[in-house]
Amino acid sequence: MSSFLPAVAEELLREIRNVYQETSQIPDEILLALKFVFGPSALHALDLVDQRAVTVLSSPSGRRVYQVVGGSGHLYTCYTTCHYCPCPAFAFSVLRRSESLLCKHILAAYLCQAMGLSQQETVTDQQMSNILCGKAGPGT
Amino acid sequence: MIVGERCDIKTSLLFLTAITAASELGVKVLFLTPTPIQSLPGSLQDTLANLNPDSLKKIKFMYPRSREELLQDVASLHECACGPSAPYSLIIVDGLERYLGVRPDSSPQPEDQSAAAHVSALLADTAAFLTRKLEERGGAYAPCRVIVSFDVGLQGHSGGESLLCMDPILSILDRYFSVRCTLDRDRSSAAPATAIASDKQPRGVWMVYFSGVGVTARLTAGKEESSIMQRQWRLAVCPNGALEFSPMGTDE
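Below you will find a few notes about this structure.

What counts and how
Residues numbered from 1 in each chain as written. Chains lettered and ligands numbered in written order. Predicted model: local features only at pLDDT ≥ 70, side-chain atom pairs only at ≥ 80, totals over all residues. Heavy atoms only, no water. Buried < 20%, exposed > 50% of the residue type's maximum accessible area, 1.4 Å probe, protein only. Helix = DSSP H or I, 4+ residues; strand = E, 2+ residues; numbered from the N terminus. Arc of directions from axis to C-beta. Contact = heavy atoms within 4.5 Å. Phe/Tyr/Trp six-rings, centres within 6.5 Å; stacked < 30°, edge-to-face > 60°. Salt bridge = Lys/Arg side-chain N within 4 Å of Asp/Glu carboxyl O. Buried area = accessible area lost by both parts, 1.4 Å probe. Nonpolar A, V, L, I, M, F, W, Y, C, P; charged D, E, K, R; others polar.

## Re helix H6 (residues 125-132) of chain A
- Those residues of H6 of chain A that fall on the buried side of the exposure criterion are Asp125, Met128, Ser129, Ile131 and Leu132 of chain A. For H6 of chain A, the angular spread of the buried residues around the axis is 165°, confining them to a single face.
- Contact partners of the buried residues in H6 of chain A: strand S1 (54-58), strand S2 (64-69) and strand S3 (75-78) of chain A together with helix H4 (67-75) and helix H6 (110-136) of chain B.
- Two residues or fewer past H6 of chain A, Gly134 of chain A is found with a positive phi of approximately 85°.

What follows is the structure, given as structure tokens:
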């Protein structure tokens, strides 16, 4: 998924990965850089990280997908290799207005990936197919 | 992504691509289209006569009738990617606009843009997954690529390229498909309906050119195919239906 990001954002996520692995913290200057690069989404995404809202679903075929519980409790499915989120902010700010690189759910997925804080869950291949096409959550 | 006004030539090109990939590269192809293909494009009938039937067996046709069915078909491709049979190396979607509910006579709604992003992202994510599976098998048939065709309502307009730039759905598709192949009909070269010498004149002529961030990246990296994508091409449909490509000078 990182190839969809500008180089500065990729570098920032690499820095977060390295620093967090060593210290289990993100220093203030990196938090400021996150806010600078990603705008208001950064704080909301960090909040989702704190809430452990990101789950990586995987199925026996090896297919993986992110599911993020939004602030309103909605479950958003985000793909692992390219940017897409069914949330209204992605539709408006990213797709329609091109004002943001991504929404808070995708950024939270990036951050959890970098910090190793994603929950893990296994589903059947058929459940994965239904989740990928937006039909169902993992429990259905 | 192949883009242009509504015409059958895009289906012929996609069909030719599927046959070429299956017969010359030996890869498996999935061809998705909302309408079952009733007859072979005239341009391919001679080609098909010389093909090994085994090559054609590498092409699978599926006919999802709605966006929901298309999403379901693409989303379930991972289920058979671990079996003994090789995964698809090429996924073709003919007539993507028909799955997105885009009508040339009305402006797309915000939900149309989200739907376009969902379908495109699922295709891209599926191709990335199948590429990984192909690489696990040795990588001979990797990567998996996606080609879609998209009609834009340019009939009766001049300055087609500027309209293409303004199409809100196309701007979404450009996010996910990094190379755009534009077909621009050359109306000055088409045979007039009443032409006496019409058996020698092409039935239609298109200008073909590539654009998008994928082309730029290839040029920067000095990839081999960059010289092909850098050029403009003339595509003529001959009276017997054959497709003839010829490079155009950069000053044309």
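On we go from here.
## Observations regarding the packing of aromatic side chains
- Counted according to the given criterion, the structure contains five aromatic pairs over all chains.
- Aromatic side chains Phe31 of chain B and Phe61 of chain B sit 5.2 Å apart centroid to centroid with 45° between the ring planes, which places their arrangement in the tilted category. Of this pair, Phe31 of chain B sits in strand S2 (residues 29-32) while Phe61 of chain B sits in strand S3 (residues 59-62), placing them 30 residues apart in sequence.
- One aromatic cluster is present, formed by Tyr79, Tyr84 and Phe90 of chain A through successive ring pairs.

## A look at the pattern of salt bridges
- Tallying each qualifying case throughout the model produces 11 salt bridges over all chains.
- With a shortest N-O distance of 3.1 Å, Arg14 of chain A and Glu11 of chain A are connected by a salt bridge. On the criterion of helical spacing, the pair formed by Arg14 of chain A and Glu11 of chain A is a turn pair, its members being three residues apart in helix H1 (residues 7-23).
- A salt bridge links Arg63 of chain A to Asp125 of chain B, with the nearest nitrogen and oxygen atoms 2.7 Å apart. Highlighted residues: Arg63 of chain A in the loop between S1 and S2 and Asp125 of chain B in helix H6, drawn from two different chains.
- It is possible to trace a salt-bridge network through shared partners that takes in Arg132, Lys133 and Glu136 of chain B.

## Description of the interface of chain A and chain B
- Listed by partner, the interface residues are 27 residues for chain A and 24 residues for chain B.
- A per-residue breakdown of the area chain A buries against chain B is headed by Ser61, Arg63 and Leu95 of chain A, which together make up 30% of the total.
- Between the two partners, chain A and chain B, sit one salt bridge.
- Elements that contribute at least two residues to the side of chain A that touches chain B include exactly helix H4 (88-96) and H6 of chain A.
- Ranked by the residues each element gives to the side of chain A that touches chain B, the list is headed by H6 of chain A, at six residues.
- Residues belonging to the side of chain A that touches chain B are distributed by class as follows: 11 nonpolar, 11 polar and five charged.

## So, unusual backbone geometry
- Looking along the chain, the bond that leaves Ala142 of chain B and enters Pro143 of chain B is cis, with omega of -5°.
- Tracing the sequence through the fold places Pro143 of chain B in the loop between H6 and strand S5 (145-152).
- One non-glycine residue, Ser24 of chain A, lies in positive phi territory at about 55°.

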